[in-house]
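# An overview of the molecular structure
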Amino acid sequence: MSRWSGLARLGGARLATLGLLAAALVGLWQALRLESWGFDGPGAGFFPQLVAGICVALAVLVFVAPGRAGETEEGDSEAVAATAETRRCFALYALALVVLAAGAAWAGFVATAIAVSVVIVRFAERRSWAAALGYGVGAAVIGMVCFGWLLRVDLPEGPVERAFYTWVR
């Protein structure tokens, strides 16, 4: 019996989870080398340590309790071929990345967050306009308050960001 046969019995989903856990552990190891707090507030390592810690915890959780496998009418979801709907959804996500890059360069954080959210939530995921705009505005407000104001992260600036910074600083 090969030493790899034990890993083969884990299945593809668990092997992928082990790979993601390994990547998260490497990320956490590297993040822990950064300063997490300084005399003037959060250091360069605070956010990477937080995110890497969450990734490690989620990877362990998914490995221990993976949940039921996804199923479709034809059976296992891994056996289903790409359909026109999945290609359309993929194309919309790719468009959202283009909007993200262009928006960050010219429109500022708030407009970009709302535009990307509308492309993804309304068109790719086919939710309502209210859900798409609500999610976009929520993401923009949380990003501006938590990152732009509290953590003083330099976000792409547009007219909304400049008005917000003059109001809170």
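Refer to the structure printed above.
The following refers to the structure shown. The structure displayed is predicted, hence computed values, not measured ones. (Residues numbered from 1 in each chain as written. Predicted model: local features only at pLDDT ≥ 70, side-chain atom pairs only at ≥ 80, totals over all residues. Heavy atoms only, no water.)

## Here we look at the packing of helix H2 (residues 12-31) against helix H3 (residues 46-64)
The condition that has to hold: Comment: axis = line fitted to C-alpha atoms, over the contacting stretch for helices; angle = value between 0 and 180 degrees taken between N-to-C directions. Comment: elements are numbered from the N terminus, with helices defined as DSSP H or I runs of at least four residues and strands as E runs of at least two. Angle categories are assigned with fixed cut-offs, so that under 35 degrees is roughly parallel, over 145 is roughly antiparallel, 65 to 115 is roughly perpendicular, and the rest are oblique. Crossings are sorted by hand: turned counterclockwise from the far helix by less than a right angle, the near helix makes the crossing left-handed, and turned clockwise it makes it right-handed. Contacts are residue-level and defined by heavy atoms, with any inter-residue pair within 4.5 Å sufficient. Polarity classes work like this: nonpolar for Ala, Val, Leu, Ile, Met, Phe, Trp, Tyr, Cys and Pro, charged for Asp, Glu, Lys and Arg, and polar for all others, with Gly in that last group.
Taken N-terminus to C-terminus, the directions of H2 and H3 make an angle of 155°; their axes are 8 Å apart at the nearest point. With respect to H3, the axis of H2 lies roughly antiparallel. Note that H2 runs across H3; the crossing there is left-handed. Packed against H2, whose contacting residues are Arg-14, Thr-17, Leu-18, Leu-21, Ala-24, Leu-25, Gly-27, Leu-28 and Ala-31, the element H3 presents Pro-48, Gln-49, Ala-52, Gly-53, Cys-55, Val-56, Ala-59, Val-60, Val-62, Phe-63 and Val-64 at the interface. Of the residues that constitute the contact of H2 with H3, the class distribution is 15 nonpolar, four polar and one charged.

## Re the packing of aromatic side chains
Note the cut-off: Pairing of aromatic side chains here covers Phe, Tyr and the six-membered ring of Trp, requires ring centres within 6.5 Å, and sorts the geometry by plane angle: under 30 degrees stacked, over 60 edge-to-face, intermediate tilted. For each residue, the accessible area found with a 1.4 Å probe, counting protein chains only, is set against the maximum for its type, and the residue is called buried under 20%, exposed over 50%, and partly exposed in between. Here, over-ring charges are defined by two tests on the NZ atom of lysine or the CZ atom of arginine: distance to the ring centre within 6 Å, and angle to the ring normal within 35 degrees.
Per the counting criterion, the structure on display carries five aromatic pairs. With a centroid separation of 5.7 Å and an interplanar angle of 80°, the aromatic rings of Trp-37 and Phe-46 are classed as edge-to-face. Taking 5.4 Å as the distance between ring centres and 90° as the angle between the ring planes, the aromatic pair formed by Phe-47 and Phe-147 counts as edge-to-face. Here Phe-47, found in helix H3, pairs with Phe-147, found in helix H6 (residues 129-150); they are 100 residues apart in sequence, far enough to count as distant. Residue class for Phe-47 comes out partly exposed when judged on its relative accessible area of 41%. On the basis of relative accessibility, which here comes to 28%, the residue Phe-147 falls in the partly exposed class. One cation-aromatic arrangement involves Arg-14 over Phe-63; the distance from NZ or CZ to the ring centre is 5.3 Å. Geometry around Trp-29 places Arg-33 over its ring, the cationic atom sitting 5.6 Å from the centre.

## Some details on H2
Where we set the bar: In this analysis, the expected span of each helix is defined as 1.5 Å times one less than the number of residues it contains. In this description, the arc belongs to the directions extending from the helix axis to the C-beta atoms.
The terminal C-alpha atoms of H2, which comprises 20 residues, lie 28 Å apart, in line with the 28 Å expected from a rise of 1.5 Å per residue. Of all the positions in H2, only Thr-17, Leu-21, Ala-24, Leu-28 and Ala-31 are classed as buried. Buried residues of H2, seen end-on, are gathered within an arc of 85° and therefore sit on one face of the element. For H2, exposure combined with an orientation more than 90 degrees from the buried face picks out Gly-12 and Trp-29. The inward-facing, buried residues of H2 contact H3.

## Considering a nonpolar patch on the surface
Formally: Candidates for patches are residues over 30% relative accessible area with no salt bridge; among them, like charges are joined within 9 Å and nonpolar side chains (Val, Leu, Ile, Met, Phe, Trp, Tyr) within 5 Å. Here the open area of atoms and residues is found with the Shrake-Rupley method and a 1.4 Å probe, where only the protein chains shown may cover a residue. The working definition used for a salt bridge is a side-chain nitrogen of Lys or Arg within 4 Å of a carboxyl oxygen of Asp or Glu.
Residues Trp-37, Phe-46, Phe-47, Leu-50, Val-51, Ile-54, Leu-58 and Leu-61 make up a contiguous nonpolar surface patch of roughly 750 Å² in combined accessible area. Ranked by residue count, the leading element in the nonpolar patch is H3, at seven residues.

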